[in-house]
Amino acid sequence: MTEITSSSAAVLAGLISSKQVSSVEITTAFLDRLEKLNPKTNSYLYFNRENSLAQAKKADQQLADGTAVSPLHGVPIAVKDNLTTTDAPTTAGSKILEGWVPQYDATVVRKLREASMPILGKTNLDEFAMGSSTEFSAYGPSKNPWDLTRIPGGSGGGSSSAIAGHLAPLAIGSDTGGSIRFPAAMTGSVGAKPTYGAVSRYGLIALASSLDQIGPVTNSVMDAAMLQDVIAGHDPHDSTSLPDSLGSMVQSVKEADVKGLRVGVIRQLSSDGFQPGVKACFDDTIEKLAAAGAEIIEVDCPSFEYAVAAYYLILPAEASSNLAKFDSVRFGLRVTPEGNPTIEDVMAATREQGFGPEVKRRIILGTYALSSGYYDAYYGSAQKVRTLIQQDLAKAFTQADVLLTPTAPTTAFKIGEKVDDPLAMYLNDVATIPANLAGIPGISVPNGLASEDGLPSGVQILAPAMQDGQMYRVASIVEKLYTDQWGASLIARVPDLEAL
Ligand code: GLN
C-alpha cells in the first residue's frame, strides 16, 4: 500500500489543495491498486481508467486556474452501482439491467462531478440492494478484506470492501434497512445514513422509496462528514428532499465535546442475541463514554421487537411496485420466448430470467401483502408498527441526546453461511432497521475487534431527525475513544490485501 492509498480523504484533499500531490497522481494510485486487487475482492463491477483520469486532469486544471470550489476537490470516489451514471453502465447488481447506460446522472453523481471528484467506478451490491452480504449480486459476492472467505456486509459490500481494502478513499452507499451501516460494521469502516430526505434520491434505483437514503462510506468520521456536506441539500427533482437546513457536518465534528452528553442505551438492543465479543465491544464503548463524562441512560423501545417483521412487509410492498417498471420494454434485458409470444409472455420470460431468487421472493411477498383482502392485515399492521417505533424513538430522545446500539448482531460471517436461510439473513438488520422506519440518521463507527474471531465490530449512533450534526459530533467523540494522541487508530488495521 502506498502512502497515498492509506491516507484519509481529508489528508488527500489537503495535499491536492496545497498542490503537493495532483488529483491525477492520487487517482492513478487508486486505479493501480484496484486494478491489481479487485480480482481478489470483487468490490467494483465497473471501472475505466481513461475516464477517471480525464476527470482528475480536469480537477488539476481547475486548481491551476484557481477555480476549485469544493473541500474534496480532486479526491476520487467509488459509487454504488444503483446510482445512475451517464458514462458508465448501471446494473443495480441485476442481470435485468446488464449493459444499460442511463440517460441522466443521479443528483448525488452530479454533485460529485460539480465538486470535481473523479469517479473511480461502480461498486457491487446485492441485487437491487436486497441483502446483507452481496451474495445476492448477480455478479458474484464481494469479499471482506479482513478475511476473503467472509462477507463484507450488504447490500453495499462493494463500497465497504473498497474502503476497507483501500481501493478507494471515499465511497457512496445507499441504506434502506442498514446497507451502509451494516457493511461498515463488517469491515471496520465508517458508514452514515443521513436523515431521510437530507440527500436527494433522484437517480437512485428505488428499492423502498419511503426508506431509501444515500450516504457516505469512509475510513473516518471526518471523511464521512466532508462527503455528506458535498452530497446533501434540497433537490427539486426529489419531492421528499429536505430544505437546506441541516448545517455543516464538518463543523459539528470540530465541535465534538462530551460534556453534558446524555447517551441512551436501548434495552431491547443491548442484551440478547448479540455475539459475546460484539457485546463486549459495545459495553466497552459505553464504559469509555461514561469515564469521559457522558451520562448513560437506559431507554425502552418495546415496539422494536416488531421492527424486522414490519420492515419485511413494508419493504417488499414498496419494492414490488418499484420493480414493476423492469418489464423488458424500457430498460436492459429482453427475453423473447419461441413461437408467437404476446407482450405478456415477453415480460414474464424477461422477469423470470432477469431477476434472481431474493428479488423474486420479495416481489411475490410484496404483491401478496398488498393484495385486496390482505392489505389491512399485513401492510396496514406494519404501518401501525412503524408509527409505534417512531413514538418509542421520540420518547427515548426526550431522555437522551443520542441512542447507541451495536450496529450488527455478529461480526462478518462466512460466505455461504446464511445465503440459503432468508430469515437468518433478515435478522442481521435488527439494529439498523428502526432508523429507516423512523427516518432518523444513524452512523456506524468501528469500536474494536471481537475477541473470539478478531474481526471488526461497529457501534451505531442514532440521533433525532434533522440532527445529523449531533450524530456526527458523537461519532467523532466515539472515534476519539479509539484513537491515540497522534490521531492514529488504536484498533488493529485490516491486513494488507496484497499479502492475502
Ligand atoms: N439487508 C436489508 C435488506 O435486505 C437492507 C437493505 C438495504 O439497506 N438496501 O433489505
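See the structure shown above.
Now for a description of the structure that goes with this document.

Cut-offs used in this document
- Residues numbered from 1 in each chain as written.
- Predicted model: local features only at pLDDT ≥ 70, side-chain atom pairs only at ≥ 80, totals over all residues.
- Heavy atoms only, no water.
- Helix = DSSP H or I, 4+ residues; strand = E, 2+ residues; numbered from the N terminus.
- Rg over C-alpha atoms; globule rule 2.2 N^0.38 Å.
- Buried < 20%, exposed > 50% of the residue type's maximum accessible area, 1.4 Å probe, protein only.
- Expected span 1.5 Å × (residues − 1).
- Polar contact = N/O pair within 3.5 Å; in protein donor to acceptor, adjacent residues only side chain to side chain.
- Contact = heavy atoms within 4.5 Å.
- Patch = residues over 30% accessible without salt bridge, like charges linked within 9 Å, V, L, I, M, F, W, Y side chains within 5 Å.
- Areas by Shrake-Rupley, 256 points an atom, 1.4 Å probe, with all protein chains shown as cover.
- Salt bridge = Lys/Arg side-chain N within 4 Å of Asp/Glu carboxyl O.
- 1 Å grid on protein atoms, 1.4 Å probe; cavity = no way out; pocket = protein on both sides within 12 Å on 5 of 7 lines; lining within 4 Å.
- Points joined across faces, edges and corners; volume = space filled by probe spheres on them.
- Nonpolar A, V, L, I, M, F, W, Y, C, P; charged D, E, K, R; others polar.
- Near = heavy atom within 4 Å.
- Axes fitted to C-alpha atoms, helices over the stretch in contact; angles between N-to-C directions.
- Parallel < 35°, antiparallel > 145°, perpendicular 65-115°, else oblique.
- Pairing = 2+ DSSP bridges.
- Arc of directions from axis to C-beta.

## Examining the overall build of the chain
Then step 1. Helix and strand content of the chain: 16 helices and eleven strands.
Then step 2. Taking 2.2 N^0.38 as the reference for a compact globule, 500 residues should give roughly 23 Å; the C-alpha atoms of the chain span a radius of gyration of 21 Å, in line with that estimate.
Then step 3. Over its C-alpha atoms, taken along the principal directions, the chain stretches across nearly 70 × 55 × 45 Å.
Then step 4. A total of 500 residues make up the chain; the buried ones form 60% of that total.

## Things to note about helix α10 (residues 307-322)
Each α-helix winds once per 3.6 residues, and so residues spaced three or four apart point in a common direction.
Then step 1. The end-to-end C-alpha distance of α10 is 22 Å, a good match for the 22 Å that 16 residues give at a rise of 1.5 Å each.
Then step 2. When you tally the buried positions in α10, you get 14 out of 16 residues, the bulk of the element.

## Considering the side chain of S303
Then step 1. Looking at the secondary structure, you find S303 in the loop between β8 (295-299) and α10.
Then step 2. When its relative accessible area of 7% is taken as the criterion, S303 is described as buried.
Then step 3. Only 3.5 Å separates the side chain of S303 from the backbone nitrogen of I389, close enough to count as a polar contact.
Then step 4. Among the polar contacts listed, one links the side chain of S303 to the side chain of D392, at a separation of 2.5 Å.
Then step 5. Excluding residues within four positions of it along the chain, S303 makes contact with V385, L388, I389 and D392.

## What about a nonpolar patch on the surface?
Then step 1. Among the surface-exposed residues, Y368, Y374 and Y378 lie close enough to one another that they form a single nonpolar patch of about 280 Å² accessible area.
Then step 2. Residue placement: Y368 occurs in helix α12 (residues 357-370).

## Some details on the layout of surface pockets
Then step 1. The computed volume of the largest pocket comes to approximately 790 Å³.
Then step 2. Surrounding the largest pocket, 33 residues form its lining, N219, S220, E479, S489 and R493 being those nearest its centre.
Then step 3. Considering only residue class, the lining of the largest pocket consists of 14 nonpolar, 15 polar and four charged.
Then step 4. Considering only enclosed or pocket space, the second largest pocket measures out at about 320 Å³ in volume.

## A short note on the site of the ligand
Then step 1. Near the ligand lie 16 residues; those nearest to it are T176, G177, S179, Y311 and R362.
Then step 2. In this structure, S132 approaches the ligand through a side-chain N or O atom, which is 2.9 Å from a nitrogen atom.
Then step 3. In this structure, D429 approaches the ligand through a side-chain N or O atom, which is 2.9 Å from a nitrogen atom.
Then step 4. Of all the elements, α10 adds the most residues to the shell around the ligand, at three residues.

## Side note on the packing of α10 against α12
Then step 1. Viewed as axis vectors pointing N to C, α10 and α12 meet at an angle of 100 degrees, and their least axial separation amounts to 7 Å. Considering their axes alone, α10 and α12 lie roughly perpendicular with respect to each other. Taking contact as the criterion, the partners of Y312, L313, L315, P316, A317 and S320 in α10 are, on α12, R362, I363, L365, G366, T367, A369 and L370.
Then step 2. For the contact of α10 with α12, the residue count by class is nine nonpolar, three polar and one charged.

## Some thoughts on the pairing of strand β9 (residues 402-406)
Then step 1. For β9, the buried fraction is high: five of the five residues fall into the buried class.
Then step 2. The alternating pattern of β9 places V402, L404 and P406 and L403 and T405 on opposite faces, both of which are buried.
Then step 3. With three bridges joining them, strand β7 (residues 262-266) and β9 adopt parallel strand pairing. Bridge pairing in β9 places V265 opposite L404.
Then step 4. When β9 meets strand β11 (residues 456-462), the two strands line up antiparallel, connected through four bridges. Each residue of the ladder has a partner; that of L403, found in β11, is L462.

## Notes on the pairing of strand β10 (residues 442-449)
Successive side chains on a regular strand alternate, one facing one side of the sheet and the next facing the other.
Then step 1. With seven of eight residues buried, β10 is to be regarded as a mostly interior element.
Then step 2. Note that strand β5 (residues 190-193) and β10 share three bridges and pair antiparallel. Across the sheet, G191 pairs through a bridge with S444, a residue of β10.
Then step 3. Of the strand pairs in this sheet, β10 and β11 are connected by six bridges, and their pairing is antiparallel. Among the inter-strand pairings, L449 is bridged to a residue of β11, identified as P456.

## Description of helix α1 (residues 9-17)
Then step 1. Within α1 the residues assigned to the buried category are A9, L12, A13 and I16. Mapping the buried residues of α1 onto a view down its axis gives an arc of 100 degrees, with all of them on the same face.
Then step 2. At the exit of α1 stands K19, carrying a positive phi of roughly 60 degrees.

## Description of the sheet that holds β9
Then step 1. The strand order β1-β3-β2-β4-β6-β5-β10-β11-β9-β7-β8 describes an open sheet built from eleven strands, whose pairing is mixed. Whereas interior strands pair on both sides, the edge strands pair on one side only; in this sheet they are β1 (44-47) and β8. The mean inter-strand angle of the sheet, taken between neighbouring strand axes irrespective of direction, is 30 degrees.
Then step 2. Relative to the sheet, helix α16 (residues 468-481) contacts β5, β6 (213-218), β9, β10 and β11, its axis offset from that of β10 by approximately 5 degrees.

## A short note on the side chain of D105
Then step 1. Secondary-structure assignment places D105 in the loop between β2 (77-80) and α4 (107-114).
Then step 2. Separated by 2.9 Å, the side chain of D105 and the backbone nitrogen of T86 make a polar contact.
Then step 3. In terms of polar contacts, D105 uses its side chain to reach the side chain of R113, at 2.9 Å.
Then step 4. The contact partners of D105, leaving out residues within four places of it in the chain, are T84, T85, T86, R110, R113 and Y202.

Note that all results are geometric; they support no functional claim without further evidence.
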